[in-house]
Amino acid sequence: MTKRSVSIHVPALTRVEGEGSLRLRIEHGEIQELALDIFEPPRYFEKFLEGRRHHEVLDTVARICGICPIAYQMSAAQAIEQAFGLDPGPWVRDMRRVFYCGEWLQSHALHVHLLAAPDFLGFDSVVGMAARHPEVVRRGLRLQGLGNALIRLLGGRSVHPVGACVGGFFRAPDAAEVDDMLEQLRAALPDAHDLVLWAAALKLPQDEQAFTCVALRHDTDYPFEQGRIVSDDGLSVPIEQYEDHFIEEHRPHSTALFSLLHGAPYLVGPLARLNLNHDRLPAASLSLLRQTGMTFPSNNMFHSLLARTLEIHVAIVEAIRLLENYRRPVSPQVEVTPRAGIGCGATEAPRGLLWHRYELDDQGIVRAARIVPPTSQNQARIEADLRRSLRQFGLNRPDDKLRLRAETVIRNYDPCISCATHFLKIGVTRR
Amino acid sequence: MIRIIGLGSPFGDDRVGWHVIELLQGRLDAQVDLVTLDRPGAAMINWMAGVQRLVIIDALASGQPPGHIARLTATDLDSQTGGTSSHQLDLAQTFELACALDCLPDQVEIYGIEIDTLQSAELSRPVMDAAATLARRLAGSFSTAANEPQAAMDSIGV
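The notes below deal with the structure included here. Worth saying up front: this structure is predicted, and the values here are computed from it rather than measured.

**Focus on the overall build of chain B**
Phase 1: Per the secondary structure count, chain B includes four helices and five strands.
Phase 2: Counting from the amino terminus, chain B carries its helices and strands in the arrangement β-α-β-α-β-β-α-β-α.
Phase 3: Looking at chain B as a whole, 54% of its 158 residues qualify as buried.
Phase 4: For chain B, contacts bridging at least 24 residues in sequence account for 74% of all contacts bridging at least 6.
Phase 5: Looking at chain B as shown, the accessible area adds up to about 6700 Å², and 49% of this sits on carbon and sulfur atoms.

Structure follows, in structure tokens:
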């Protein structure tokens, strides 16, 4: 009998957003056990938020993730405003999209260049890749820096930004700041254009598989901060009905909850967004996609990389469009009057749909909070993908090859345990 | 250009890098730029552009007593994570990447302050004292103002 066990252990590290492990047991050439365990900070935050006043929520949820604090702030703001019956108006909506563009830019640029590209170009890390492809890495760092600059424009700082509030923003940038930003964004368009063509030319694994995509969909725009929740098997519901269709369940091996749509795993994130919204791309991004010869929807999970690079282009194009029409408002926020109620918020974090629900009392104090982050929604899908991808790859391959493929599959989802997957340690027992 | 970067997080003594930057505000010559970041990595490399002399201030856990100040160079560091990720490119890897991209400043100095606890919301006393000491010495080194003592940076032991 051949018995083979694979385990990953990740120590809790300061400044690391999560931790996780993969347990894999192969016997007689078949996977007997495959369990992905992700440690999930947002679950604790749901309790931290109880008893907090509404104006404390955005600063608190921004701490959930150092990579995508804006996503947490935007979903929370939307939910609280819905509970209060508050419409912050078109200026706030536009600036929230701009703010979000900054987060997509910096998060996607980091993932593509620091994590994914070394996998697909055959390097252990970005350091090795930088020695051979310095211009590619420099371009990625420039785009990441641009994202941070965009976040600073509205957030005051790029690390745990503090500019957003329920009702809008604390401060509106002046015309000179916006002009300077526009100049930087226009100058970066050729970088984004070249990045998409570069990604399309990469030799990505051919790994066609069936999966259900879930994302927001807006009447006219590529989704960032508004839309209905849709799937490619026919779901189309307002965000308030999320709980009628999606359930989360505990599994013994994980502290995280596994999300299921009508009982089955599903995908959120850039590939799901693009598969469901390619007809909502800005004209320039759609034209660029056509230039690559690639078509969407795609059922190759590794096309997530291309989707991320295209969304970098979308973010720049969209930020330019919105800032070209910028007018400084009389006030960057609308007045907030608390009232008792329940509100839901759903936006598209870089890693996918991020759903919040808050119950507030008449003083605006949080009585209950629920936060469903993208990584936990993808967890069941990652397990299903691993099970099939490893079998297709060949379970009798050497341990280091098997480990690299498992890491690559997991990293492709850009989970908040991205760092963890580099700690994969394999112990093999053969009998 | 000279740039001083304080690395940290909001957690207890880990925020010491940010605290030193706060203490230095308004005390240095105009050509010295102050930045706070929550991690090394790609963002830090973007802050190296056009910099000749880079000073990093970070929390350190090396077994020394809390508040001990260590002065290190880029080559003194070992990578602690053994891999890379968008979340955790450590300081050594960040310097390796900067080197590969040919953008590492000519002079890099790192000041690590030995930390005590991450559990409290505030800095511990020895770490707060060490931050004040380091800020005073950096102010002396990077300021021509008469009220800042011209401290010898070499006096900070490793």
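**Describing the packing of helix 12 (residues 374-393) of chain A against helix 13 (residues 399-412) of chain A**
Residue and element names in this part refer to chain A.
Phase 1: Contact geometry for helix 12 and helix 13: axes closest at 10 Å, N-to-C directions at 145°. The element helix 12 and its partner helix 13 pack so that their crossing is right-handed. In contact with Ile-382, Asp-385, Leu-386, Ser-389, Leu-390 and Phe-393 of helix 12, helix 13 contributes Lys-401, Leu-402, Arg-405, Ala-406, Val-409 and Ile-410.

**Brief notes about the pairing of strand 12 (residues 352-360) of chain A**
Residues and elements named next belong to chain A.
Phase 1: Burial of strand 12 is extensive: seven of the nine residues sit out of reach of the surface.
Phase 2: Of the strand pairs in this sheet, strand 11 (residues 341-349) and strand 12 are connected by nine bridges, and their pairing is antiparallel. Paired with Gly-343 across the bridge in strand 12 is Tyr-358.
Phase 3: The loop that links strand 11 with its antiparallel partner strand 12 comprises two residues.
Phase 4: In the sheet, strand 12 pairs with strand 13 (residues 366-372) via six bridges, with the strands oriented antiparallel.

**Things to note about unusual backbone geometry**
Residues and elements named next belong to chain A.
Phase 1: With an omega of 10°, the peptide bond running from Phe-296 to Pro-297 counts as cis.
Phase 2: The residue Pro-297 is located in the loop between helix 10 (283-292) and helix 11 (304-324) in this model.
Phase 3: Look at His-28: it is not a glycine, yet its phi comes out positive at around 50°.
Phase 4: Within the secondary structure layout, His-28 lies in the loop between strand 2 (19-27) and strand 3 (30-39).

**Considerations on the sheet that holds strand 11 of chain A**
All names here are of chain A.
Phase 1: Reading across the sheet, the three strands line up as 11-12-13 and stay open at both edges, with antiparallel pairing between neighbours. A strand with exactly one partner marks an edge of an open sheet, and here the two such strands are strand 11 and strand 13. For this sheet, the mean inter-axis angle between neighbouring strands, taken without regard to orientation, is 15°.

**Some words on the pairing of strand 7 (residues 228-231) of chain A**
Residues and elements named next belong to chain A.
Phase 1: Relative to strand 7, strand 6 (residues 214-217) runs antiparallel, the two being bridged by four bridges. Its bridge partner lying in strand 7, Arg-217 is registered against Arg-228.
Phase 2: Direction of pairing for strand 7 relative to strand 8 (residues 236-237): antiparallel, over a ladder of two bridges. Counted as the bridge partner of Ile-229 is Val-237 from strand 8.
Phase 3: Counting the residues that bridge the hairpin from strand 7 to strand 8 gives four residues, and of these Gly-234 lies at a positive phi of roughly 105°.

**Quick look at the sheet that holds strand 2 (residues 32-37) of chain B**
Residues and elements named next belong to chain B.
Phase 1: The strand order across the open sheet built from five strands is 2-1-3-5-4, with neighbouring strands paired in mixed fashion. A single partner strand is all that each edge strand has here, and the edge strands are strand 2 and strand 4 (69-72). Strand-to-strand twist in this sheet, taken as the mean axis angle between neighbours without regard to direction, amounts to 20°.
Phase 2: Lying over the sheet, helix 3 (residues 91-100) contacts strand 1 (2-7), strand 3 (53-60) and strand 5 (107-114), oriented at roughly 160° with respect to strand 3.

**Observations regarding the nonpolar core**
Phase 1: Counting 141 residues, the largest nonpolar core has Leu-150, Ile-316, Leu-323 and Tyr-358 of chain A as its most contacted members.
Phase 2: If one sorts the elements of this core by residue count, helix 4 (residues 89-121) of chain A sits on top with 16 residues.
Phase 3: Two domains each put at least three residues into this core: domain 1 (4-41 + 381-430) and domain 2 (43-378) of chain A.
Phase 4: In this structure, Val-20, Leu-28, Ile-69 and Tyr-111 of chain B belong to the second largest nonpolar core, which totals 24 residues.

**Quick look at the packing of aromatic side chains**
Residue and element names in this part refer to chain A.
Phase 1: Summed over the entire model, instances satisfying the criterion amount to eleven aromatic pairs over all chains.
Phase 2: Taking 5.8 Å as the distance between ring centres and 85° as the angle between the ring planes, the aromatic pair formed by Phe-120 and Phe-302 counts as edge-to-face. Of this pair, Phe-120 sits in helix 4 while Phe-302 sits in the loop between helix 10 and helix 11, placing them 182 residues apart in sequence. The residues Phe-120 and Phe-302 share a single accessibility class, namely buried.
Phase 3: Aromatic ring contacts, followed pair by pair, group Trp-91, Phe-99, Phe-169 and Tyr-326 into a single cluster.
Phase 4: Cation over ring: Arg-397 sits above Phe-393, and NZ or CZ is 4.1 Å from the ring centre.

Conventions used here
- Residues numbered from 1 in each chain as written.
- Chains lettered and ligands numbered in written order.
- Predicted model: local features only at pLDDT ≥ 70, side-chain atom pairs only at ≥ 80, totals over all residues.
- Heavy atoms only, no water.
- Helix = DSSP H or I, 4+ residues; strand = E, 2+ residues; numbered from the N terminus.
- Buried < 20%, exposed > 50% of the residue type's maximum accessible area, 1.4 Å probe, protein only.
- Contact = heavy atoms within 4.5 Å.
- Areas by Shrake-Rupley, 256 points an atom, 1.4 Å probe, with all protein chains shown as cover.
- Axes fitted to C-alpha atoms, helices over the stretch in contact; angles between N-to-C directions.
- Left-handed = near helix turned anticlockwise from the far one by under 90°.
- Pairing = 2+ DSSP bridges.
- Core = buried A, V, L, I, M, F, W, Y, C linked by side-chain atoms within 4.5 Å.
- Domains from an automatic or database assignment.
- Phe/Tyr/Trp six-rings, centres within 6.5 Å; stacked < 30°, edge-to-face > 60°.
- Lys NZ or Arg CZ within 6 Å of the ring centre and 35° of its normal.

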